[in-house]
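Descriptive analysis of the structure
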Amino acid sequence: MNVILLGPPGVGKGTAAKRMVEVYGVPQISTGDLLREAVKNKTDLGLKAKKYMDAGELVPDDLVIGLLKERVAKEDCRKGFILDGFPRTIPQAESLDASGIRIDVVVNLHADESVIIERLSGRRDCPKCGAIYHVKNKPPKKAGICDACQSELITRDDQKEEVIQNRLQVYRKQTEPLIRYYERKGIQKTINAVQTIENVFADIQKAIGQA
Ligand code: AP5
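Residues numbered from 1 in each chain as written. Predicted model: local features only at pLDDT ≥ 70, side-chain atom pairs only at ≥ 80, totals over all residues. Heavy atoms only, no water.

1. So, the sheet that holds strand β4 (residues 105-110)
What the five strands build is an open sheet, ordered β2-β3-β1-β4-β7; its pairing is parallel. Edge strands, defined here as strands with exactly one partner in the open sheet, are β2 (28-30) and β7 (188-192). Averaged over all adjacent pairs, the angle separating strand axes in this sheet is 25°, with direction ignored. In this structure, β2 lies alongside strand β3 (residues 81-84), joined through three bridges in parallel fashion. When the bridges of β3 are listed, Ser30 appears paired with Asp84. (Pairing = 2+ DSSP bridges. Helix = DSSP H or I, 4+ residues; strand = E, 2+ residues; numbered from the N terminus. Axes fitted to C-alpha atoms, helices over the stretch in contact; angles between N-to-C directions.)

See below:
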């Protein structure tokens, strides 16, 4: 089962992917997480990527494609994987096709922008274990502290209001055309992301034929 989760920033791709990891035991490959890790470790790639990420722009295709291919080639992807945040441009999708990596289903999570802005502005992350919270929709048991590993939760640098607006604009221009791209291939399924986290997951299960 090789699945792509497509959708605007903040729609709930990471949240859904983590649920899929728990249930299906396949890895979540988030290019955002891979890039943030490279930034944290100050690798060459991380140093190049940081300025784009802080501004809410996409990191250049050549950098992200290399990173993704390297990750998908790892042993744990043999029985499947969930791509979260990749591809994000038509050239990225074409390079995935050209590399012979098979994709079974593309699940497009849809929500209106007002919902997305509310989700992004209330999002909190655990910098240690990667758990995702929301101050209202998915609060931790103790405010500001991760339930799983007790680390202090953070607000990501790209969650500022002006950066959020730019991320949404970048999504509309560069990523939204992928919906048509995968529709034409007959593997795209759109689901309503404005439901509880459990109901979104149930719809994903139906979309990937695992209900
Ligand atoms: P990335 O890390 O991929 O971020 P993103 O796609 O912009 O989206 P988020 O991770 O912010 O949101 P999400 O959809 O995962 O939603 P979440 O589950 O957190 O990318 C960051 C940056 O890296 C990019 O801007 C770019 O610079 C670079 N980058 C990454 N990939 C790249 C690529 N392929 N090419 C080029 N550059 C790339 O949910 C959001 C909030 O809502 C949470 O608080 C959550 O608790 C809550 N929530 C989730 N689901 C629900 C629900 N059903 N009901 C209520 N609340 C919910």
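Don't stop here, the text continues.
2. Some remarks on the pattern of salt bridges
Tallying each qualifying case throughout the model produces 16 salt bridges. Glu198 is the partner of Arg19 in a salt bridge, and the nearest nitrogen-oxygen pair spans 3.0 Å. Residue Arg19 is found in helix α1 (residues 13-24), and its partner Glu198 is found in helix α9 (residues 197-207); the two are separated by 179 residues along the sequence. Note on Glu198: relative accessible area 43%, which makes it partly exposed. Lys185 serves as the salt-bridge partner of Asp97, at 3.2 Å between the closest nitrogen and oxygen. On the criterion of sequence distance, the pair formed by Asp97 in helix α5 (residues 90-98) and Lys185 in helix α8 (residues 177-185) is long-range, its members being 88 residues apart. Here Lys185 falls in the partly exposed class, since its relative accessible area comes to 43%. (Salt bridge = Lys/Arg side-chain N within 4 Å of Asp/Glu carboxyl O. Buried < 20%, exposed > 50% of the residue type's maximum accessible area, 1.4 Å probe, protein only.)

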